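Here is what each chain is made of, one letter per residue.
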Amino acid sequence: MRGEPMEPLKVDIADILGERATQIEVDAFVDPGVLVSGDTTFTSAAPAHVVGHIINAGDGVILTGTVTARLITDCSRCLESFELELSSDVEGLYTTPDKAEELPDEQEWEPIGDGILDLSRAIESAIRLELPFAPLHAKECAGICTRCGANLNEGTCACPEETPEGGPFAALKGMFSESDVESHE
Ligand SMILES: [Zn+2]
Ligand SMILES: [Zn+2]
């Protein structure tokens, strides 16, 4: 599952196509839509902000920049939804199929087309790179009780404390009589 496709972010690069080393500044907002990664869904809380530039590098044009995004997701421990802010480096290479033949196989590229670039794929890839595998609303999130389901961030539940039989101190306990244990407290 990929969620909803991100809306296109089109940039006209006609001004730099004719001359190497010329560039266009990029400062734009785009809605990242709904991103699904593994079992986790990330919904946009606000348009993502992209800042960078597109340079004519001769054999193609290169997008470099940074994207910041605010996404709503569920905490993997307490299951409450929360807003996550992330930022990521954006990179994109746009060229023609004949020039792309000279690129290493692992180099991703997109067609330069008619001089209108759609930056959304590069931006979505950049955001996906930073999506946490198991999002946490706070590093110290206490999670939920596995027995009654209570949110332990809101206080302890009524479940009795776990007393596992045969734990690491079970043998030690047997070495003291009741009175010895009390005198150590
Ligand atoms: Zn949490
Ligand atoms: Zn409980």
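The rules behind the values
Residues numbered from 1 in each chain as written. Chains lettered and ligands numbered in written order. Predicted model: local features only at pLDDT ≥ 70, side-chain atom pairs only at ≥ 80, totals over all residues. Heavy atoms only, no water. Salt bridge = Lys/Arg side-chain N within 4 Å of Asp/Glu carboxyl O. Helix = DSSP H or I, 4+ residues; strand = E, 2+ residues; numbered from the N terminus. Buried < 20%, exposed > 50% of the residue type's maximum accessible area, 1.4 Å probe, protein only. Pairing = 2+ DSSP bridges.

Asker: It is not clear to me how the pattern of salt bridges should be interpreted in this structure. Could you clarify?
Answerer: In a structure, side chains of opposite charge can pair up when their charged atoms sit close to one another. The full count for this structure, using the stated rule, is 2 salt bridges. Across the salt bridge formed by arginine 70 and glutamate 83, the nearest N and O atoms sit 2.7 Å from each other. With arginine 70 in strand E5 (residues 61-74) and glutamate 83 in strand E6 (residues 81-95), the pair connects residues that are 13 residues apart, well separated along the chain. Using a relative accessible area of 35% as the deciding quantity, one classes arginine 70 as partly exposed. Here glutamate 124 makes a salt bridge to arginine 128, at a shortest N to O gap of 2.9 Å. Separated by 4 residues within a single helix, glutamate 124 and arginine 128 lie in helix H3 (residues 120-130), roughly one turn from each other. On the basis of relative accessibility, which here comes to 24%, the residue arginine 128 falls in the partly exposed class.

Asker: Teacher, can you tell me more about the pairing of strand E4 (residues 40-56) here?
Answerer: One face of the sheet, then the other: side chains in a regular strand alternate in exactly this way. When strand E2 (residues 23-30) meets E4, the two strands line up antiparallel, connected through 8 bridges. Bridge assignment links isoleucine 24 to a residue of E4, and that residue is isoleucine 54. Where strand E3 (residues 34-37) meets E4, 4 bridges bridge the pair, whose relative direction is antiparallel. From the neighbouring strand, valine 34 faces E4, where its bridge partner is threonine 43. The hairpin formed by E3 and E4 contains 2 residues between the paired strands, and glycine 38 there has a positive phi angle of roughly 60 degrees. As paired elements, E4 and E5 share 11 bridges and run antiparallel to each other. Each bridged residue has a counterpart across the sheet, and for histidine 49 the counterpart in E5 is threonine 68.

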